[in-house]
Amino acid sequence: MIDITTTGTVTERSIHYDDPGVSHLPGVTYCMGDGDVAADGDEIPGIGQYEDFHTIDWQRDIARDRMRHRYIVKRKQNSLFDLVKGAHDAWSGWVCVLLVGVTTGVFAGVIDIGASWMSDLKHGICPEAFWLNREQCCWSSNETTLSFDIGNCSQWLNWSEVLGQSREGAGAYIIGYLMYVAWALLFASLAAALVRMFAPYACGSGIPEIKTILSGFIIRGYLGKWTLIIKSVGLMLAVSAGLSLGKEGPMVHIACCIGNILSYLFPKYGRNEAKKREILSAAAAAGVSVAFGAPIGGVLFSLEEVSYYFPLKTLWRSFFCALVAAFVLHSINPFGNEHSVLFFVEYNNPWIFFELVPFVGLGIIGGVIAAIFIRANLYWCRYRKTSRLGQYPVTEVLVVTVVTAVIAYPNPYTRMSTSELIYLLFRKCGVTNMDLICDYNRNFTDVKSSIELAPAGPGVYEAMWLLVLALIFKLVLTVFTFGMKVPCGLFIPSLCFGAIIGRIVGVGMEQLAYNYPSIWLFSGECSTGKDCITPGLYSMVGAAAVLGGVTRMTVSLVVVMFELTGGVRYIVPLMAAAMASKWVGDALGSHGIYDAHINLNGYPFLDSKEEFAHTSLAADVMQPKRNETLSILTQDSMTVEDVETLMKETEHNGFPVIVSRESQYLVGFVLRRDLNLALAQARRAVEGLRPNSLVLFTSSSPQQPPEPSSPAPLVLKNILDMAPITITDQTPMETVVDMFRKLGLRQTLVTHNGRLLGVITKKDVLRYIKQLDNEDPNTVLFN
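Residues numbered from 1 in each chain as written. Predicted model: local features only at pLDDT ≥ 70, side-chain atom pairs only at ≥ 80, totals over all residues. Heavy atoms only, no water.

Under an unreviewed UniProt entry, the name given to the protein chain is Chloride channel protein, and the organism recorded is Thrips palmi. As recorded by UniProt, the Sequence similarities (unreviewed entry) comment attached to the protein chain reads in full: "Belongs to the chloride channel (TC 2.A.49) family." (UniProt positions renumbered as here; feature names shortened; annotations may be inferred.)

Below, the structure written as structure tokens:
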């Protein structure tokens, strides 16, 4: 009898110890802490792994880790080496997330500094030290903030000055315009070329794919080293090109790449896909932490938005990882201030109770704009996938870049980087602010006195018109930009949409308070003549509203916003706007942008936040349908040739094993990949294996004794999962969907009185849900 031994898909429910003194059963392989194998036979390479674009079996992987852990605990008393090995296994998770946090912080610092320098390179250069951006160059010359704000920094040279022209005038404007477009084209073409040649997975935001991967999907190479390198470099280039995108969303992808790569230093995580996702959840938290300088918001983002399986220990490790990443970024100090956040603001005025009305109104507007944006972007992305446009990704990037640069330069609010514009909109007007948006008729006799309520000057109205044009421009361009073959995020553009709307509403409220300070709306707060309305606060609330509508984030969004700005006292306005935005967004469209792109790409993602509202039974969904043949294996009556023929004629990912075709009683389940590998190993290692050799999935001999001339049977019991998840044909589909969501099932077997009837896979569930929702079930592409 030929016996092939392996870890296979043996779950902890199908294993028992006959003798406490025996470390393993004869013929059964166990995975050790460092990947060693204790068995009577050699492990088959590749058994227990998954193919590309397939879903993992959470139950099997968690059971394998429990078996490994029990073995290590049992061996602790044997020797000092085993004790150290056990301690290493216990702290390896903390060490891994520590390394992920440190590395993510370093990458974020480099990306922030590089993107800032290259963005300013479109406008000019610092001759004394070319590696400094505009702000660093001016601060190094010890010039005042006032001169820096109005653009009179003598150390920084515009391109017209570099080429020997004057700083002002038509010639300087034309030279600056041409250099702006030329640098944008260079950066964008480099980004698109790098993505196309070296790492196609480095394009886009990455968050839809990260959500799908964390739900148990396998995408080989999506979190690899080439993707990490090209995404980091391409992100700096794409942001510097002035495209309507942000670098904050892709930071989550970059952090998860780091988490995936570093997890292979610890076989406990590198060799177990379910355990690896604990590290990836912590890495996603670190990504948001360094993107916004918001470690608590990062943990909540990972919990609310991207993670599928989030036990308590993962919460602690995510918190630690986000803390370490934020600390490392603060040490690098890429923003050049002591706050290490993007848009730190200081508002002194409390908000008035009546202001909740415009805050909720901003939430409603944010939800409407988000719904319009999502529909338009999905339409364009679907057109890109189905038309010839998708065959020319680099050309598309270059065309969008040229259009963006040519239209953006004349408007000062679109010419500057989006992050600078958001900071300008969040900022409170004071003595030193010389922008058009702060052109109020104020009398600054005493710098230390409080700023009084004042009428808006002509500059404010001009700025409002320019901001309206900037909003339309950025909204339209972002529809075409998000989804192109360059790294591109959506957080910053969404914040920008809302910040512009909020600032306009805030200025309107401010002028209303100036003209009618004594009306009951303002509760007498504005009758003293002091500045009682803060337009920057409206800008902040509007930014949260649009971002909430686009992503459908709530709790994590509010925390990110107050960490992002330092405005802790304004949590209630942020909460009101976020909830209003989510309600309106859900009413106008069922999905946020990330879930919509998951559906567009056909990924097998079962959203735990959605309810299955249909009344149906497992028998209605299972495969095969009535009058169709079920592909099965028998435990002791099929030959090697029969098994190979079955695998050639079908494409199933696994096969149920039954007692016989007559009885149909279920024995277990075997994966196609494991079966292929076991047969390939047997052909190489076993002499005398013939096509008519029996394949046994049981340790007992077949009922009919073999003839003397027949070859020895091939025993493959150890790749058999003898405790697969089963349901009956009368199980409600609500229960089945909950099982797939909460247990992370890959498939479940349907039985009736112990007899096998069919199989339900995750793909079957997703297609059935789409069919009930009057959508095309064939859009689910992967299993």
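So much for the structure itself; the text now carries on.
Participant: Tell me about the sheet that holds strand β8 (residues 654–658), and please be specific about residues and values.
Facilitator: Strand order in this open sheet of three strands is β6-β8-β9, and the pairing throughout is mixed. On the outer flanks of this sheet lie β6 (633–634) and β9 (666–671), each paired with one strand and no other. Relative to β9, helix α26 (residues 672–685) is tilted by about 75°, and along the sheet it contacts β6, β8 and β9. (Pairing = 2+ DSSP bridges. Helix = DSSP H or I, 4+ residues; strand = E, 2+ residues; numbered from the N terminus. Contact = heavy atoms within 4.5 Å. Axes fitted to C-alpha atoms, helices over the stretch in contact; angles between N-to-C directions.)

Participant: Talk me through the nonpolar core; I want residue IDs and the actual numbers.
Facilitator: Counting residues in each nonpolar core, the largest one holds 175 residues, and the members touching the most others are F292, Y413, F426, V486, L495, M561 and I760. For this core, the leading source of residues is helix α19 (residues 491–515), giving eleven residues. Other than its neighbours up to four places away in sequence, V486 contacts A191, A192, V195, C203, G204, A238, L243, L245 and V397. Counting residues in hydrophobic clusters, the runner-up holds 22 residues, among them I47, L646, V670 and V695. (Core = buried A, V, L, I, M, F, W, Y, C linked by side-chain atoms within 4.5 Å. Buried < 20%, exposed > 50% of the residue type's maximum accessible area, 1.4 Å probe, protein only.)

Participant: Kindly report on the side chain of S240, identifying the contributing residues and their values.
Facilitator: With respect to the secondary-structure elements, S240 resides in helix α8 (residues 225–240). In this structure the side chain of S240 is engaged in a polar contact, spanning 3.5 Å, whose partner is the backbone oxygen of A115. One polar contact links the side chain of S240 to the main-chain carbonyl oxygen of M236, over a distance of 2.6 Å. With sequence-adjacent residues up to four places away left out, S240 is seen in contact with G114, A115, M118, S119, K122 and F187. (Polar contact = N/O pair within 3.5 Å; in protein donor to acceptor, adjacent residues only side chain to side chain.)

Participant: An account of unusual backbone geometry is requested, with residue identities and associated values reported.
Facilitator: Here the bond from Q623 into P624 is cis, since omega is 0°, no more than 30 degrees from zero. Mapped onto the secondary structure, P624 falls in the loop between α24 (618–621) and β6. A positive phi angle is found at F53, which is not glycine, with a value near 60°. For F53, the position within the fold is in the loop between β3 (37–38) and α1 (58–75). In this model, N753 sits at a positive phi of 55°, which is unusual for a non-glycine residue. Positionally, N753 belongs in the loop between β13 (747–752) and β14 (755–761).

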